[in-house]
Amino acid sequence: MQVTEAFKHAFLKQMLLGFQASAVSTKSMGFQERKNAIKLSADVAMAVARGSRKWTRGLIAGLSEERQNRSFLRLILGEQYESLLKPCHSSWKIPRCKKIVRRSLRICWRKQKKNQSGVLARTLVEKRTQELKRLVPGGKSMDGSSLLDETLDYVLSLRAQVDLMQSLLTTFEASKLRSHSKRRLPERKASYVSK
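Conventions used here
Residues numbered from 1 in each chain as written. Predicted model: local features only at pLDDT ≥ 70, side-chain atom pairs only at ≥ 80, totals over all residues. Heavy atoms only, no water. Helix = DSSP H or I, 4+ residues; strand = E, 2+ residues; numbered from the N terminus. Buried < 20%, exposed > 50% of the residue type's maximum accessible area, 1.4 Å probe, protein only. Contact = heavy atoms within 4.5 Å. Areas by Shrake-Rupley, 256 points an atom, 1.4 Å probe, with all protein chains shown as cover. 1 Å grid on protein atoms, 1.4 Å probe; cavity = no way out; pocket = protein on both sides within 12 Å on 5 of 7 lines; lining within 4 Å. Points joined across faces, edges and corners; volume = space filled by probe spheres on them. Nonpolar A, V, L, I, M, F, W, Y, C, P; charged D, E, K, R; others polar. Polar contact = N/O pair within 3.5 Å; in protein donor to acceptor, adjacent residues only side chain to side chain. Axes fitted to C-alpha atoms, helices over the stretch in contact; angles between N-to-C directions. Parallel < 35°, antiparallel > 145°, perpendicular 65-115°, else oblique. Left-handed = near helix turned anticlockwise from the far one by under 90°. Core = buried A, V, L, I, M, F, W, Y, C linked by side-chain atoms within 4.5 Å. Patch = residues over 30% accessible without salt bridge, like charges linked within 9 Å, V, L, I, M, F, W, Y side chains within 5 Å. Salt bridge = Lys/Arg side-chain N within 4 Å of Asp/Glu carboxyl O. Lys, Arg positive; Asp, Glu negative; His and termini not counted. Charge placed at Lys NZ, Arg CZ, Asp CG, Glu CD. Expected span 1.5 Å × (residues − 1). Arc of directions from axis to C-beta.

Colleague: I'm lost on the overall build of the protein chain in this one. Help?
Modeller: Tallying secondary structure elements over the protein chain gives 8 helices and 0 strands in all. Taking all 195 residues of the protein chain together, the buried fraction comes to 28%. When contacts within the protein chain are restricted to residue pairs at least 6 apart in sequence, those whose partners lie at least 24 apart make up 60%. Accessible area of the protein chain: about 14,400 Å², with a carbon and sulfur share of 59%.

See below:
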């Protein structure tokens, strides 16, 4: 699976909007504040560029838990903010009767005692699934198959985020070098003329 050009374009557009909204380039901002603003802008840009997925909703919901992020998210996302906070209908947990759940767990437990060969493998899979649910935004409410699908999409989006931020940094450094060399060029000419 490749990241599309539309994703890259939407990401960069949203990222630059985030930079403008957070005033990243102001000199009054400290290093830690600037770092947090860039990370927040990058995460929001990635979520908006990817569209409505379970992990994007989980990411926006997680970011909006902090009070200082809410106004920034409302500013950048506008009308999308409220819709991205609503959970997907498919991610809601289905309410079940406790008596039925206990009975089915007892039956499963008896079957597991009879079949001890796969207990270790099953335990490892369950541990890794729980860890994956913890790492993927919104993963706690996903079942196994949607968790894998959302994880793949999230990892691809993270990879694209890193690539785009590296290219943005390279472009910024190149423009900084060009402007620096243009400023130094008149100084050199003046020094040759005075000799």
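From this point, the discussion proceeds with the structure in view.
Colleague: Which parts of the structure should I look at to understand the layout of surface pockets?
Modeller: Estimates place the volume of the second largest pocket at around 340 Å³. In this structure, the second largest pocket is lined by 14 residues; those nearest its centre are Asn-36, Leu-40, Glu-66, Gln-68 and Asn-69. Secondary structure elements with two or more residues in the lining of the second largest pocket: α2 (31-50), α3 (54-63) and α4 (67-77). Ranked by residue count, the leading element in the lining of the second largest pocket is α2, at 6 residues. Residues of the lining of the second largest pocket, tallied by class, amount to 5 nonpolar, 6 polar and 3 charged.

Colleague: Explanation requested: the side chain of Arg-53 in the structure shown.
Modeller: Mapped onto the fold, Arg-53 is located in the loop between α2 and α3. A distance of 3.1 Å separates the side chain of Arg-53 from the side chain of Asp-149, its partner in a polar contact. Ignoring any residue separated from it by four or fewer positions in sequence, one finds Arg-53 in contact with Asp-149, Glu-150 and Asp-153.

Colleague: Please explain the packing of α2 against α4 as it appears in this structure.
Modeller: Helix-helix packing is characterised by the crossing angle of the two axes and by the distance between the axes. At a minimum axis distance of 11 Å, the contact between α2 and α4 shows a crossing angle of 45°. Regarding the angle of α2 to α4, the classification is oblique. Where α2 crosses over α4, the two elements pack in a sense that is right-handed. Contacts between α2 and α4 involve Leu-40, Ser-41, Val-44 and Val-48 on the former and, on the latter, Asn-69, Phe-72, Leu-73, Ile-76 and Leu-77.

Colleague: Looking at this structure, I do not really get the nonpolar core. What am I missing?
Modeller: The tendency in soluble globular proteins is for nonpolar side chains to be buried side by side. Within the largest apolar cluster, 27 residues are counted, with the highest numbers of intra-cluster contacts made by Phe-11, Val-44, Met-46 and Leu-77. If you list the elements that add at least two residues to this core, you get α1 (5-22), α2, α3, α4, α5 (80-85) and α8 (144-194). Among the elements that line this core, the one with the most residues is α2, at 8 residues. Those residues in contact with Phe-11 that lie beyond four places of it in its chain are Ala-42, Ala-45, Met-46, Ala-49, Gln-161, Leu-164 and Met-165.

Colleague: Just checking my understanding: could you explain a positive patch on the surface for this structure?
Modeller: On the surface, a cluster of positive charge is contributed by Lys-99, Arg-102, Arg-103 and Arg-106. Position of Arg-102 relative to the elements: it lies in helix α6 (residues 98-114). The exposure class of Arg-102 is partly exposed, given its relative accessible area of 48%.

Colleague: How should I be thinking about the pattern of salt bridges in this particular structure?
Modeller: One side chain can pair with another of opposite charge once the charged atoms of both are near each other. This structure, assessed with the given rule, holds 8 salt bridges. Between Lys-39 and Asp-43 there is a salt bridge; the shortest N-O distance is 3.0 Å. Within this pair, Lys-39 and its partner Asp-43 are both found in helix α2, separated by 4 residues, close to a single helical turn. Via salt bridges that share partners, Arg-50, Arg-53, Asp-149, Glu-150 and Asp-153 belong to a single interconnected network.

Colleague: Could you clarify how one ought to interpret α1 in this entry?
Modeller: Three or four residues apart is the spacing at which side chains of an α-helix point the same way, because the helix has 3.6 residues per turn. Between the first and last C-alpha of α1 there are 26 Å, a value that for 18 residues agrees with the 26 Å anticipated at 1.5 Å per step. Among the residues of α1, those classed as buried are Phe-7, Phe-11, Gln-14, Met-15, Gly-18 and Ser-22. For α1, the angular spread of the buried residues around the axis is 105°, confining them to a single face. Summarising the geometry of α1, the exposed residues directed more than 90 degrees from the buried face are Glu-5, Ala-6, His-9, Lys-13 and Gln-20. Immediately beyond the C-terminal end of α1, within one or two residues, lies Ala-23, with a positive phi of roughly 55°.

From the geometry alone we can't say anything about function, so treat these as descriptive.
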